[in-house]
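Listed below are the residues making up each chain.
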Amino acid sequence: MSSFCGRLGAVQYSRFSFSDIGFVWRESLRGKSLPRILLNLSLKKHPFDRLSGKVMDLGAKSDESSYYRFLEKDKSADLHFCDYFSEGPNLMKIDLEKPFPAGLGDFDYVLCFNTIEHIFNTDNLISESARIMKKGGKFIGCVPFLYPFHADPDDYHRYTHSALERIFEQHGLKMKKIVSVGVGPFVLGFQSTPAPRFLRAVFQSGLFLFDLLSNFYYKKYAGNFTLLYVFEAVKS
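In this convention, every chain numbers its residues from 1, walking through the sequence in written order. Per-residue local features of the predicted model are confined to residues with pLDDT of at least 70, and side-chain atom pairs are confined, for both listing and counting, to 80 or more; whole-chain, interface and lining totals are unaffected and use all residues. As a rule here, side-chain values come from all non-hydrogen atoms in the structure, and water together with hydrogens is ignored.

1. Considerations on the environment of glutamate 27
And then number 1: With respect to the helices and strands, glutamate 27 occurs in helix 1 (residues 21-29).
And then number 2: Residue glutamate 27 is classed as buried on the basis of its relative accessible area of 4%.
And then number 3: Each C-alpha atom, one on glutamate 27 and one on serine 162, is 31 Å from the other, the two residues being 135 residues apart in sequence.
And then number 4: When neighbours within four sequence positions are excluded, glutamate 27 is seen to be in contact with Lys32, Ile37, Asn40, Arg69 and Phe70. Note on conventions: DSSP H or I runs of at least 4 residues are helices, E runs of at least 2 residues are strands, and numbering of each starts at the N terminus. Note on exposure labels: buried denotes an accessible area under 20% of the residue type's maximum, exposed denotes more than 50%, and partly exposed covers the range between, all computed with a 1.4 Å probe on protein chains only. By the convention used here, residues are in contact when the closest approach between their heavy atoms is within 4.5 Å.

In structure tokens form, the structure reads like this:
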């Protein structure tokens, strides 16, 4: 795994290998896209701190999201979720562009995967996340970078690793870890494959293989194809 310098010091670039092709094949058969597969593989290869205590997930309605298969957590972890259109057990109705209906320092962890880009008022999301976190609490998130426009219900932002660090620091969250996730130009050019699952697995595994080969022969280009960033920030 290589790194490149930023204000953080060193941002990790997730390095994949030929032994990961089997993972790409299996996740493709589950119907996952290449960006989601690489996110999950990155979580597996570069694990974050084990979730414990009270956890708020700002980007999911349940723990059925695939990234939960690759996040370590205590059995006693108290998971809470949010959605603007519905409520339920451990499911809070939250407008992420307005103050959150949660108390000061209620949560040990805040998760936010593939959500920040859909929120226009990101300052509110980050400042409110910091407010509901305990001192020493951790924010674990993921944002796309070289990724197509995808409205849900809209799509506003793409952040570099440097921008992420500065934005979170403005709200009292010190960036502890940033992982740049990407492989090469083939995966970058064909991120979504609308095909039956077996054909999807063949095609996506092939793209992954071609990028590994291109990185092997053209090492100077490795690190130039960031699909997304995964990161962890700590409340000081």
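2. Brief notes about the packing of helix 1 against helix 6 (residues 197-217)
And then number 1: Between helix 1 and helix 6, the shortest axis-to-axis distance is 8 Å and the interhelical angle comes to 150°. In terms of orientation, helix 1 lies roughly antiparallel with respect to helix 6. When the axes of helix 1 and helix 6 are compared, the crossing they make is right-handed. The segment helix 1 lies against helix 6, with Ile21, Val24, Trp25, Ser28 and Leu29 engaging Arg197, Phe198, Arg200, Ala201, Val202, Gln204, Ser205, Phe208, Leu209 and Leu212.
And then number 2: Side-chain classes are defined by residue name, with Ala, Val, Leu, Ile, Met, Phe, Trp, Tyr, Cys and Pro counting as nonpolar, Asp, Glu, Lys and Arg as charged, and the others, Gly among them, as polar. Residue composition of the contact of helix 1 with helix 6, by class: 10 nonpolar, three polar and two charged. Fitting a line to C-alpha atoms yields each axis, with helices limited to the stretch in contact; the angle taken between N-to-C directions then spans 0 to 180 degrees. Comment on the angle field: the value is read as roughly parallel under 35 degrees, roughly antiparallel over 145, roughly perpendicular from 65 to 115, and oblique elsewhere. Each crossing is labelled by how the near helix is turned from the far one, with a counterclockwise turn of less than a right angle marking it left-handed and a clockwise turn marking it right-handed.

3. Notes on the confidence of the model for the chain
And then number 1: A score between 0 and 100, pLDDT records how confident the predictor is in each residue. When pLDDT is averaged across the chain, the result is 91; 95% of the residues are at 70 or more.
And then number 2: In this model residues 1-8 is a low-confidence stretch, pLDDT under 50, and it forms 26 contacts with partners more than four residues away in sequence or in other chains.

4. Focus: the packing of aromatic side chains
And then number 1: When the centres of two rings from Phe, Tyr and Trp lie within 6.5 Å, Trp using its six-membered ring, the rings pair. Their planes under 30 degrees apart give stacked, over 60 give edge-to-face, and anything left gives tilted. Per the stated rule, a full pass over the model turns up 14 aromatic pairs.
And then number 2: Each ring, one from tyrosine 67 and one from phenylalanine 113, has its centre 4.2 Å from the other, and the planes form 15°; the classification is stacked. Taken together, the positions of tyrosine 67 in the loop between strand 3 (54-57) and strand 4 (78-82) and phenylalanine 113 in strand 6 (residues 107-113) put the pair 46 residues apart, joining distant regions of the chain.
And then number 3: Seen in terms of ring centroids, phenylalanine 139 and phenylalanine 168 are 5.0 Å apart; in terms of plane orientation they differ by 65°. Their pairing is edge-to-face. With phenylalanine 139 in strand 7 (residues 133-144) and phenylalanine 168 in helix 4 (residues 161-169), the pair connects residues that are 29 residues apart, well separated along the chain. Of the two residues, phenylalanine 139 and phenylalanine 168, both sit in the buried class.
And then number 4: Chaining the aromatic ring pairs together yields one cluster made of Tyr67, Tyr68, Phe81 and Phe113.
And then number 5: Geometrically, a charge over a ring is one whose NZ (Lys) or CZ (Arg) sits within 6 Å of the ring centre while staying within 35 degrees of the ring normal. Sitting above the plane of the phenylalanine 107 ring, lysine 54 keeps its charged end 4.9 Å from the centroid.
And then number 6: Just above the ring of tyrosine 84 sits the side chain of lysine 93; from NZ or CZ to the centre is 5.6 Å.

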